[in-house]
Structures are given as structure tokens and as C-alpha cells.
Amino acid sequence: MNAKRRDRSGIGWGVLAWVVGIGMFFPVLWMVITAFKQEGDAYTDPPRVVFTPTLDQFSAVLNSGIGTTLLNSAFATIVSAILVLALGIPAAFALSLRPIRRTRDALMFFIGTKMLPIVAAIVPLYVIVGDIGLLDNIWALVILYTGMNLPIAVWMMRSFFLEVPGELLEAAGMDGAGTITSMREVILPLVSPGIAATALICVIFSWNEFFFAVNLTAVQAQTIPVYLVGFITGEGLYWARLSAAAVLTALPVVLAGWLAQNKLVRGLSFGAIK
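Model, not experiment: these values are computed from the prediction. (Residues numbered from 1 in each chain as written. Predicted model: local features only at pLDDT ≥ 70, side-chain atom pairs only at ≥ 80, totals over all residues. Heavy atoms only, no water.)

Novice: Explain the overall build of the protein here, please?
Specialist: Looking only at helices and strands, the protein features 13 helices and 2 strands. The contacts of the protein with a sequence gap of at least 6 include a subset with a gap of at least 24, amounting to 76%. For the protein, the exposed area adds up to about 16400 Å²; of that, 69% sits on carbon and sulfur atoms. (Helix = DSSP H or I, 4+ residues; strand = E, 2+ residues; numbered from the N terminus. Contact = heavy atoms within 4.5 Å. Areas by Shrake-Rupley, 256 points an atom, 1.4 Å probe, with all protein chains shown as cover.)

Shown next, in the form of C-alpha cells:
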């Protein structure tokens, strides 16, 4: 009897999980479906499920200048992610396997920078960026995205480094390997899944960032989130075209996550089981 109850309970929880998962995914599915509609079909009430699919909205979006904003977002995202890894890996290594006296203070300083609301810092940031001539310049976003993601990256990568046995460093030192060689040849291959997971999270945060982009860019350095707002006009929302643009916007991150899914799963579960 108990086994039957457990089986029924397991089936019930499984069904509930499927219902919740489908419910959470449904808005994304509906966005993809709407992207293949004409504007007239996208505005029907009740929503029209049966319609003639078309690529007109994708064609219109691609001809409206989305390529420049995609390149701006890709440049700011990729360069900032590289800088975050270049700065965060040594910092995480030092704070985990080569700790100092005030390691906890350094960690609290890193995470404390995330406690300040972004809106409270936008005015001084705007003044500083304007004074150094980087308004509507993609390098301003690169710098800000690097600073925005670096604290999270350090904390994440430090947790991965802590899972590496200290004996490995001692053995490498006995073989004559220096700190840089030990980190490159011994440590980094072990924590590469965690680094990949950290990099992907930084990419997602930078790609979706809106507040800095909308306040510090105008035309030349406009990014994808700001571009999408342009579909909200005084005449109303262009639902089908906005959905097509949103699909094209989400596609690069989805592909990146799919290509890195093995390392992402290993990285997010790194050290969870001992």
C-alpha cells in the first residue's frame, strides 16, 4: 500500500511539474507563434490559433536596422565577459586558494557593490561618462558591464576554486610549478565547467541589460533592449513585429546556452555532491 501511495505521489508531483513547466514556457511559445503572424492576426480577440504563417515580420525587422544594434550588444557583451574572466579568475584564485588576512572583507566589498540601486548611481555615472566623452559610446557600456558582472563572477568562481583540493597545488609546487603555471595547467582545467557557467551568466546579464543602455546611449551605441522599446509607439504596439524582433534577440543567447549546456550543467552543480 505504501509503495502504491508513493507511486501515486510521484506521478502527481510529475504532472504538477509538467503543468508548471508548460505554464512558464507558454509565454515564450506564444511569442514565437505571434512572430509568424500578420499584425491583423496578432490583434484578434480571442487570439487566433489557426493562421497562415509568414516571414514578413522577420523581413521587416531585419530591414529596419537591427543588425547594428545586434553588433553593439554582441561587442559589449563579449568584450565585457572576457574582461570579467580576465580580472575575476585571478581574484577568485587569490581569495580561495591563496587567501589573505582580510579575505572576508574583500568579499563583502565585492558583493556590497551590488547592494546599491542602479538608479541611485545613474546621475553621477552620466556626468562622469559625459566628462570623459563616452556618451553614446559602446566602450562606456563595456566598462559598466564589466563592473556590473565582476562581483558576481568573483563570488561564483571562488566557490568553484574552493572545491579544488589544496594538495594539488602542493604537488604542483613540489614539481617546480609556479603559481601561474599551477593555475593554468592544474586548476583551470578542473574548474572550466564553473568558468563556462559564470561566463554564460555574465553574457545573459549583459545582453539583457537595459537601464545603462537606455540612459547612456542614443543612436551609435544603441543595444538590442533599447531597440525593442522602439516598437512601443503612440499608435500602439506592433505585436507581431515586436515578437519577431524579440525572437531574433533571444536566439543568440539560447544558442550559446545550448552549445554550452554540458559545461553549464556541470558548472552549476560543481561541488554539490561530495
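Novice: Could you clarify how one ought to interpret unusual backbone geometry in this entry?
Specialist: Peptide bonds are, in most cases, trans, and in most cases residues other than glycine have a negative phi. Even without being glycine, D136 reaches a positive phi, approximately 55°. Along the chain, the position of D136 falls in the loop between helix 6 (118–131) and helix 7 (138–162).

Novice: Help me out: how do you make sense of the packing of aromatic side chains in this one?
Specialist: When we look at a pair of aromatic rings, we describe it by the centre distance and by the angle of the planes. All told, the structure shown has 4 aromatic pairs when counted by the stated rule. Ring plane angle 50° and centroid distance 5.1 Å describe the contact between F36 and F58, whose orientation is recorded as tilted. Residue F36 is located in the loop between helix 1 (2–35) and helix 2 (39–42), and its partner F58 is located in helix 3 (residues 56–62); the two are separated by 22 residues in the primary sequence. Relative accessible area serves as the criterion here: at 28%, F36 is assigned to the partly exposed category. Residue classification places F58 among the buried residues on the basis of a relative accessible area of 11%. (Phe/Tyr/Trp six-rings, centres within 6.5 Å; stacked < 30°, edge-to-face > 60°. Buried < 20%, exposed > 50% of the residue type's maximum accessible area, 1.4 Å probe, protein only.)

Novice: Explain the pattern of salt bridges to me, please; I cannot follow it from the model alone.
Specialist: Working definition: two side chains of opposite charge can pair if their charged atoms are close together. For the structure shown, the criterion picks out 1 salt bridge. Note that R48 and D41 form a salt bridge whose closest N and O atoms lie 2.5 Å from each other. You can call R48 partly exposed: its relative accessible area is 37%. Exposure remark for D41: the relative accessible area of 14% places this residue in the buried category. (Salt bridge = Lys/Arg side-chain N within 4 Å of Asp/Glu carboxyl O.)

Novice: Whenever I open this one, the nonpolar core confuses me. Can you help?
Specialist: One recurring pattern in soluble globular proteins: nonpolar side chains tend to sit buried together. Core analysis: the largest hydrophobic core is formed by 21 residues, its most contacted members being I89, F93, L97, M157, F161, I187 and V191. Elements with a minimum of two residues in this core: helix 4 (66–96), helix 7 and helix 9 (179–208). Counting residues in hydrophobic clusters, the runner-up holds 17 residues, among them A76, L134, V142 and L216. (Core = buried A, V, L, I, M, F, W, Y, C linked by side-chain atoms within 4.5 Å.)

Novice: How should the layout of surface pockets be read in this particular structure?
Specialist: Rolled over the atoms, a probe with the dimensions of a water molecule shows which regions are left empty. Approximately 310 Å³ is the volume attributed to the largest pocket. If you go around the largest pocket, you meet 13 residues; those closest to its centre are T113, I118, G147, M148 and F212. Element by element, the count of residues in the lining of the largest pocket is highest for helix 7, at 5 residues. Here the residues of the lining of the largest pocket sort into 10 nonpolar, 2 polar and 1 charged. (1 Å grid on protein atoms, 1.4 Å probe; cavity = no way out; pocket = protein on both sides within 12 Å on 5 of 7 lines; lining within 4 Å. Points joined across faces, edges and corners; volume = space filled by probe spheres on them. Nonpolar A, V, L, I, M, F, W, Y, C, P; charged D, E, K, R; others polar.)

Novice: What is the right way to read helix 6 from this model?
Specialist: Each α-helix turn comprises 3.6 residues. Residues three or four places apart therefore point the same way. With 14 residues, helix 6 extends 20 Å from end C-alpha to end C-alpha; this agrees with the ideal 20 Å at 1.5 Å per step. The largest bend along helix 6 reaches roughly 30° and is located at P124. Those residues of helix 6 not exposed but buried are A121, I122 and V129. Against helix 7 and helix 10 (211–216) lie the buried residues of helix 6. In the segment just after helix 6, G133 is the residue with positive phi, at about 75°. (Expected span 1.5 Å × (residues − 1). Bend = angle between axes of the 7 residues up to and from the residue.)

Novice: Sorry, what's going on with a nonpolar patch on the surface here?
Specialist: A contiguous nonpolar patch, built from F25, F26, V28, L29 and V32 and spanning about 410 Å² of accessible area, is present on the exposed surface. Secondary-structure assignment places V28 in helix 1. Taking relative accessible area as the criterion, V28 reaches 38% and is therefore assigned partly exposed. (Patch = residues over 30% accessible without salt bridge, like charges linked within 9 Å, V, L, I, M, F, W, Y side chains within 5 Å.)

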